[in-house]
Amino acid sequence: MTKKSVASLSAADVSGKRVLVRADFNVPLDDQGAITDDTRIRAALPTIQDLTGKGAKVILTSHFGRPKAQVVDSMRLTPVAKRLSELLGQEVIKCDDCIGDEVAAAVGGMENGQVALLENVRFYAGEEANDPEFAKQLAANADLYVNDAFGTAHRAHASTEGVTKYLSPSVAGYLIEKELQYLQAAIENPQKPLAAIIGGSKVSSKIGVIETLLDKVDKLLIGGGMIFTFYKARGLNVGKSLVEEDKLELAKALEAKAKEKGVDLLLPTDVVLADNFAADANAQTASVDAIPDGWMGLDIGPDSIKVFQDALKQCKSVIWNGPMGVFEFDKFAAGTEAIAHTLAELTDQGVTTIIGGGDSVAAVEKVGVADKMSHISTGGGASLELLEGKELPGIAALDEA
C-alpha cells in the first residue's frame, strides 16, 4: 500500500487550487463545549501548513460524534474552527454546511493560503452510506483531495472513499503516511525480535489481530480481562472474572498455534483481584492457579510485570494494543503503567515502540510518556485492521505512488 503523498505535490501542482482535506477532528469536549484534548487537531497541522505554504486553498472536512444523519447543534465543528484559528495564526472560515450554495460561495471567495472548515459531514445520511450523489456534492467545490484521517480510513464513507472518484489526484496526508510507514513496517519488515502486547477485556475483539500477529511476532504478551478466558480454557478457577464462555476452544487453539509457530506466548502468572468492579474495591494479589471464588481479576500482578519486562528487554520492536487491567481505577493501574514506563525506557535504548491506538494511547498519556514512544497511532479500529493485514478502503482509494 505505497500511496502517493501530499509531499509529492509541488507548489505548481496546488497553488490556487482548491484542496479538499479529510481530517479527523472528532475531539473530546467538556460540558461547556470546550475542547479538552486537541491532539487530533494538532496532528493535522503538518498537512494543512504544507498546503497553505504552497498557496493552496484548503477546505477541511471531518465528522464529529454520532449525529445519526441529523443536525445536532452540540456536534457542530465551531469549537474546532476556533482552536484551528489559534494554532494556524489565521482566521479559519467556518461554514454552516458541508455541501451546497453556502459552501460554494465561501470557497469562491477564498484567497490562496486560506483555510475553510466545512460543517460535520455526518449531518447527512449520505456520508456513512457512501452515497455517490452526496460524495459528488462534497467534491464539487474542490480540485484535488487529501485524506489525513487515519482514524476513519477503515470506513468506506463518502468523505473518505466516495470523493476520490471525482477528485484527482487523491493523495495521503502526512499523518496517514506516517501511520502506514510505522504500522506496515512493524508487520512486514520489523527489527527482530518483535513483541506484541495485546490487552483489553475481550478475546473476541482481538481474535483477528492475535491470529495475524502469531505469524509475525517472536513474543506475544497477553493481558487485560481476556486472560481469564485462556485460564478457564486451561481448566483453572477464575472466580467471578470476565470470561467469554463461547471462546474457550479458540483460546486453546491460539495457544496451540503459538506453540506450533515457535512464538513465546506469555500470560500473567499472578493477578490483582477485586471483590467487586469498583475503584474502591478491596484488593488482593494471587497466583493465577489460586484465584478464590467471589473475586475478579482487574490487573496483572507484580510477578507478571517483572516477567513481561524481562521479555520486552530482549526485543528490538514492540507493538502495544490494549491495557493490562482496569487502568481507569488507580488501584488496578499498576500493570498498565509499568508497561508504559518500560516501553519509554526501551525507546531511549533504540527499540521501536508503537502504540496501536485505542486505550493504550490513553494509558501512555495518563502516565506522561506519550512523547517517549516511537509512534502513537491515531486510529483505534483502523490500527487494528491494518495490523490484521486488512485493506482499509480510505487508503486503498488513494492514488498509487
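This one's a predicted model, so the numbers in the text were calculated from it and none came from an experiment.

Right, let's talk about the pairing of strand E14 (residues 352-355) for a bit. Judged from the four bridges that link them, strand E13 (residues 317-321) and E14 form a sheet pairing that is parallel. Paired with Ile-319 across the two strands is Ile-354, which belongs to E14. Handedness of the E13-helix H12 (residues 334-348)-E14 crossover: right-handed. In this structure, E14 lies alongside strand E15 (residues 375-376), joined through two bridges in parallel fashion. Along E15, the bridge assignment pairs Ile-354 with His-375. The β-α-β motif built from E14, the intervening helix H13 (residues 359-367) and the parallel element E15 has right-handed crossover chirality.

Angle between the axes and distance between the axes: these two values describe a pair of packed helices. Running from N to C, helix H11 (residues 302-312) and H12 cross one another at 20°; their axes reach a closest spacing of 10 Å. Relative to H12, the element H11 lies roughly parallel. Here H11 runs over H12; the crossing is right-handed. Of the residues in H12, those in contact with Ile-305, Phe-308, Gln-309 and Leu-312 of H11 are Ala-334, Gly-335, Ala-338, Ile-339, Thr-342, Leu-343 and Leu-346. Its residues placed into classes, the contact of H11 with H12 shows eight nonpolar, three polar and no charged.

Moving on, we get to the sheet that holds strand E10 (residues 270-274). Strand order in the open sheet made by the three strands is E11-E10-E12, with antiparallel pairing throughout. The open sheet has two edge strands, strand E11 (283-287) and strand E12 (296-300), and neither has a second partner. Strand-to-strand, the axes of this sheet are offset by a mean angle of 40°, without reference to chain direction. Running at roughly 40° to E12, H11 makes contact with E10, E11 and E12 of the sheet.

Time to look at unusual backbone geometry. Peptide bonds are, in most cases, trans, and in most cases residues other than glycine have a negative phi. Between Ser-168 and Pro-169 the backbone carries a cis peptide bond, its omega angle lying at 0°. Mapping Pro-169 onto the fold places it in the loop between strand E5 (144-147) and strand E6 (170-172). Here the bond from Lys-192 into Pro-193 is cis, since omega is -5°, no more than 30 degrees from zero. Looking at where Pro-193 falls in the secondary structure, it is placed in the loop between helix H7 (174-188) and strand E7 (194-198). The phi angle at Lys-68 is positive, at roughly 55°, despite the residue not being glycine. Note on placement: Lys-68 falls in the loop between strand E2 (57-61) and helix H3 (78-88).

Moving on, we get to the pairing of E2. Within E2, five of the five residues are buried, which leaves it mostly tucked inside the rest of the structure. Residues Lys-57, Ile-59 and Thr-61 of E2 are buried on one face, and the alternating residues Val-58 and Leu-60, pointing to the opposite face, are buried as well. Relative to E2, strand E1 (residues 18-22) runs parallel, the two sharing five bridges. If you follow Val-21 over to E2, its bridge partner there is Leu-60. Running through helix H2 (residues 39-53), the crossover from E1 to the neighbouring parallel element E2 is right-handed. Note: E2 against strand E4 (residues 115-117), three bridges, orientation parallel. Note that in E4 the partner of Val-58 across the bridge is Val-115.

In this section: the pattern of salt bridges. Following the criterion strictly, the structure yields 26 salt bridges and no others. Of the charged contacts, one joins Arg-76 and Asp-73 as a salt bridge, the two residues approaching to 2.9 Å between their closest N and O atoms. Asp-73 gets classed as exposed once you look at its relative accessible area, which sits at 58%. The closest approach of N and O atoms between Arg-83 and Glu-86, which form a salt bridge, is 2.9 Å.

On to the sheet that holds E15, then. Reading across from one edge, E9-E8-E7-E13-E14-E15 is the order of the six strands in this open sheet, with parallel pairing throughout. Pairing within the sheet leaves two strands with one partner each, and these edge strands are strand E9 (264-266) and E15. As judged from the three bridges shared by strand E8 (residues 219-222) and E9, these two strands associate in the parallel manner. What sits directly across from Leu-220, in E9, is Leu-265. This element, H12, spans E7, E13 and E14 of the sheet and lies at about 150° to E13. Of the strands in this sheet, E13, E14 and E15 are in contact with H13, which crosses E13 at around 105°.

What counts as what
- Residues numbered from 1 in each chain as written.
- Predicted model: local features only at pLDDT ≥ 70, side-chain atom pairs only at ≥ 80, totals over all residues.
- Heavy atoms only, no water.
- Pairing = 2+ DSSP bridges.
- Helix = DSSP H or I, 4+ residues; strand = E, 2+ residues; numbered from the N terminus.
- Right-handed = clockwise from strand over helix to strand, strands pointing away.
- Axes fitted to C-alpha atoms, helices over the stretch in contact; angles between N-to-C directions.
- Parallel < 35°, antiparallel > 145°, perpendicular 65-115°, else oblique.
- Left-handed = near helix turned anticlockwise from the far one by under 90°.
- Contact = heavy atoms within 4.5 Å.
- Nonpolar A, V, L, I, M, F, W, Y, C, P; charged D, E, K, R; others polar.
- Buried < 20%, exposed > 50% of the residue type's maximum accessible area, 1.4 Å probe, protein only.
- Salt bridge = Lys/Arg side-chain N within 4 Å of Asp/Glu carboxyl O.

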